[in-house]
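Observations on the model geometry
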Amino acid sequence: MRKLALLGVVLMMGACDEPASGTSDTGAAPAPTNENLPLVRGYRSEDDWCQLTGESAFTVEFLDHTADLVSCPTGSSAEQSLVETYTLEPVAQTGGYSVYSIPRG
């Protein structure tokens, strides 16, 4: 019986080391949890989780003809690499996404 209990503890500890589901930036990006962000396409590539973002009642105040509005799942590695590449601060957060304005050119 002790061996079974020990095996159970070892299995539980091993499960703690695995990343939570949905934290990997592979596959399709998670959908925003609200309708504020009209995501158009991947920003840096077709499968980029950071996506060019269109106009909505929420985004209209952040749109600028000299910049791209880009939204990334908050806390994702895609967001981290975007911030490191362009040295950005988010202009807003909504629906599990951080929104960035990236100057063109």
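Here goes a summary of the coordinates provided. For clarity, every value in this text was computed on a predicted model and none was experimentally measured.

What counts, and at which threshold
- Residues numbered from 1 in each chain as written.
- Predicted model: local features only at pLDDT ≥ 70, side-chain atom pairs only at ≥ 80, totals over all residues.
- Heavy atoms only, no water.
- Helix = DSSP H or I, 4+ residues; strand = E, 2+ residues; numbered from the N terminus.
- Contact = heavy atoms within 4.5 Å.
- Areas by Shrake-Rupley, 256 points an atom, 1.4 Å probe, with all protein chains shown as cover.
- Buried < 20%, exposed > 50% of the residue type's maximum accessible area, 1.4 Å probe, protein only.
- Polar contact = N/O pair within 3.5 Å; in protein donor to acceptor, adjacent residues only side chain to side chain.
- Disulfide = S-S within 2.5 Å.
- Pairing = 2+ DSSP bridges.
- Axes fitted to C-alpha atoms, helices over the stretch in contact; angles between N-to-C directions.

Re the overall build of the protein chain
For the protein chain, the count of helices and strands is two helices and five strands. Along the protein chain, from the amino end to the carboxyl end, the secondary structure elements read α-β-β-β-α-β-β. Taking the contacts inside the protein chain whose residues are at least 6 apart along the sequence as the reference set, 47% of them involve residues at least 24 apart. Per element, the accessible surface of the protein chain, about 7,100 Å² overall, is 57% carbon and sulfur.

Side note on the side chain of T53
Residue position: T53 is located in strand β2 (residues 51-53). For T53, a relative accessible area of 5% corresponds to the buried category. Here S71 takes part through its side chain, which lies 2.8 Å from a polar atom of the side chain of T53.

Topic: the state of the cysteines
Enumeration over the complete set of coordinates arrives at one disulfide. Disulfide pairing places C50 opposite C72 at an S-S distance of 2.0 Å. Handedness of the C50-C72 disulfide follows from its S-S torsion of about 120°: it is right-handed. One end of the pair, C50, is in the loop between β1 (39-42) and β2; the other, C72, is in strand β3 (residues 67-73), with 22 residues separating them in the sequence. The exposure class assigned to C72 is buried, which follows from its relative accessible area of 0%.

Structural notes on the sheet that holds β3
Spatially, the five strands line up as an open sheet ordered β1-β2-β3-β5-β4, and their pairing is antiparallel. Since the sheet does not close on itself, it has two edges, and those belong to β1 and β4 (92-94), each with one partner. The sheet shows a mean angle of 35° between the axes of neighbouring strands, direction not considered. When β2 meets β3, the two strands line up antiparallel, connected through two bridges. Looking at β3, one finds that L52 is bridged to V70. Helix α2 (residues 77-86) rests against β3 and β5 (97-103) of the sheet, and its axis sits at about 25° to β5.

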